[in-house]
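Reading the structure
Each chain, written out:
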Amino acid sequence: METYGYPQRESCFQGPHELYFKNLSKRNKQIMEKNGNNRKLRVCVATCNRADYSKLAPIMFGIKTEPEFFELDVVVLGSHLIDDYGNTYRMIEQDDFDINTRLHTIVRGEDEAAMVESVGLALVKLPDVLNRLKPDIMIVHGDRFDALALATSAALMNIRILHIEGGEVSGTIDDSIRHAITKLAHYHVCCTRSAEQHLISMCEDHDRILLAGCPSYDKLLSAKNKDYMSIIRMWLGDDVKSKDYIVALQHPVTTDIKHSIKMFELTLDALISFNKRTLVLFPNIDAGSKEMVRVMRKKGIEHHPNFRAVKHVPFDQFIQLVAHAGCMIGNSSCGVREVGAFGTPVINLGTRQIGRETGENVLHVRDADTQDKILQALHLQFGKQYPCSKIYGDGNAVPRILKFLKSMDLQEPLQKKFCFPPVKENISQDIDHILETLSALAVDLGGTNLRVAIVSMKGEIVKKYTQFNPKTYEERINLILQMCVEAAAEAVKLNCRILGVGISTGGRVNPREGIVLHSTKLIQEWNSVDLRTPLSDTLHLPVWVDNDGNCAALAERKFGQGKGLENFVTLITGTGIGGGIIHQHELIHGSSFCAAELGHLVVSLDGPDCSCGSHGCIEAYASGMALQREAKKLHDEDLLLVEGMSVPKDEAVGALHLIQAAKLGNAKAQSILRTAGTALGLGVVNILHTMNPSLVILSGVLASHYIHIVKDIIRQQALSSVQDVDVVVSDLVDPALLGAASMVLDYTTRRIY
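Predicted, not measured: the structure shown is a model, and the values here were computed from it.

This paragraph deals with the overall build of the protein chain. Of the regular secondary structure elements, the protein chain holds 25 helices and 26 strands. Projected onto its principal axes, the C-alpha coordinates of the protein chain cover approximately 100 × 65 × 45 Å. Looking at the 753 residues of the protein chain, the share that counts as buried comes to 59%. Long-range contacts, defined as pairs at least 24 residues apart, comprise 69% of the intrachain contacts of the protein chain with a sequence gap of at least 6. Of the accessible surface of the protein chain, which amounts to about 30,800 Å², a share of 51% is contributed by carbon and sulfur atoms. Mean positive and mean negative side-chain charge positions of the protein chain (80 and 88 charges, respectively) differ by 3 Å.

Right under this line is the structure:
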């Protein structure tokens, strides 16, 4: 068999690689001919509870849409059939699936012994069902004790098993059950690159592992319900607003029941104190759930005016509730997995999900002795909005799984093969994986042009797109979205995996929220603009935004002459004058995001007017606009042109004409450039005396024309203790784009509280 998977990690799934699956349909036909032309694959999907059904339902719908290839049998067991847990088998019927078999397998008691007895009861009942159905393959999901009974029965009866979500790590008894099912399963569908590597390290045959993403993300990333307010009102009341309520879902930890119940008490106390409307879902059927329900009733949660306690919410409605919540709290895998698709803040409590990969939206409270720590976490998280995370899927899992199912050769030996020794990292046999380039989408909003580039981890600009920057807000936003969508699509063809989007823009930026607070005069209608949300919603990728000067400094830190330096300053000499400060390896933003406005250091009390409203700033002397102003004055007085140069009538006089005239011996042009360089040099002296960096990097189109004058001024004006600080010209071609990319490429997702 071939190796199945697609090269994605973190928040960067890009859709099916058609290049990779190009020849798969031919192989499917060959296998179907080998299995028998009229032979359909008989698939048994067994679902035990509301949580696993949300992952299995998209696959079941996919199987149902291809009756020429598949026959579907549905087996329902576990807590689906228990009234106390909402009789959730009804939602399967409402989805128009025929339930072939219902097995009552739960022994009540909600303690450790009852879980063991439930597994035993399922093992007794399942052989008759499987003998009758005779499936070619059974699909089993997750890490529940019911799923272990299903996998054990199928393995002993020589039925092929496809396990969904193997290889993940959570931190409780679920890990042991999940890995046990992995050892019994013949095929594996995993959701993340790490899970794939774990399966390979567990000696599973990597030819039988599909890296597909989570099936539930196929629905999550396309979930658009304009009438979500009616759902919120149905479950939480008419007076509740979007982003102003909490969803709580907490389960017992079977390896430490007493502690998990104590933490549940503290959670409820914190929620009562926090005083926000809260939807509380009853815990699952694991040992300890009965005690947790007693805690809810002891605290009067079911009758408290701020709480709505429910046993079950239909998945379509549940995803709308968490998508528009101010926060989700608890220890459900849903919080660290599915909720990331919406950027909803999550507080993950305790150890139940301790090993899971999480997005930026998850805040961990590993342990709590009092309610105060949980209450602090609520204050930190409630009402925030994070970039959506695609760690667990990109919305295309089901098509991959269906192709995987079609490719299975039923004539192959059933006996599993294990790969010894454990493979090393990046062992994938898929040429797409080997050749793939980790990349970022970089956006540079200049005063004249709007540029988008695909930038590799090494700082190579793989492809660049340039368009004239529109003057109005609406046109500009639409063009940014259009260019980014086109670049993301092109990235797939170029075999680049896009990790996120970085935006460099002029003006004052709040990078924490992704908002342009105030822009420069060159970019009109660009104040209080949220750039993060529309891009994140459209591309399903995390987005970072920062000032162009800061981006230039970040570019130097990652790719340029500031690499490895603890303290340095970058000065951009272009249309305006900007800059960025790196101190102790970190970018300095300042208390109001106004640090490093180096172009507006005042070097003369009676200097020319500056665009900022002041006068005597470096920018008023040394920027491209300032040189253009002086060039026009000379040209109007017929003092600019010298022998060997001319300016066509239809060409505007600019800074480059002034520089050309100076090189050809124009004394007045030389004097203007010397004054501009002196102003810039005095600004650098002020920086040396204030910041005492180990390096100053001049960036931009004018840098090479100023470098020698700046060094002369430092020798004349600076204190002897800083005269040895080197001033260099940047060797980066596109610092704004590279800096925007570096925000993405240096990003880490895990946050611990």
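Enumeration according to the criterion identifies zero disulfides in this entry. Here Cys594 stays free of any disulfide, with the sulfur of Cys612 as its closest cysteine sulfur at 10 Å. Left unpaired, Cys612 is separated from the closest cysteine sulfur, that of Cys610, by 3.7 Å. Residue Cys612 is classed as partly exposed on the basis of its relative accessible area, which comes to 44%.

Now for the pattern of salt bridges. The full count for this structure, using the stated rule, is 31 salt bridges. For Glu412, the salt bridge goes to Arg208, with nearest N and O atoms at 3.1 Å. On the criterion of sequence distance, the pair formed by Glu412 in the loop between helix H15 (397-406) and helix H16 (431-435) and Arg208 in the loop between helix H7 (193-201) and strand S7 (209-211) is long-range, its members being 204 residues apart. The two residues Glu412 and Arg208 agree in class, both being buried. A salt bridge links Asp239 to Arg277; its shortest N-O distance comes to 3.0 Å. Of this pair, Asp239 sits in the loop between helix H9 (228-236) and strand S8 (245-249) while Arg277 sits in strand S9 (residues 277-281), and the two are 38 residues apart along the sequence. The exposed category is assigned to Asp239, whose relative accessible area is 55%. For Arg277, a relative accessible area of 13% puts it in the buried group.

The rules we used
Residues numbered from 1 in each chain as written. Predicted model: local features only at pLDDT ≥ 70, side-chain atom pairs only at ≥ 80, totals over all residues. Heavy atoms only, no water. Helix = DSSP H or I, 4+ residues; strand = E, 2+ residues; numbered from the N terminus. Buried < 20%, exposed > 50% of the residue type's maximum accessible area, 1.4 Å probe, protein only. Contact = heavy atoms within 4.5 Å. Areas by Shrake-Rupley, 256 points an atom, 1.4 Å probe, with all protein chains shown as cover. Lys, Arg positive; Asp, Glu negative; His and termini not counted. Charge placed at Lys NZ, Arg CZ, Asp CG, Glu CD. Disulfide = S-S within 2.5 Å. Salt bridge = Lys/Arg side-chain N within 4 Å of Asp/Glu carboxyl O.

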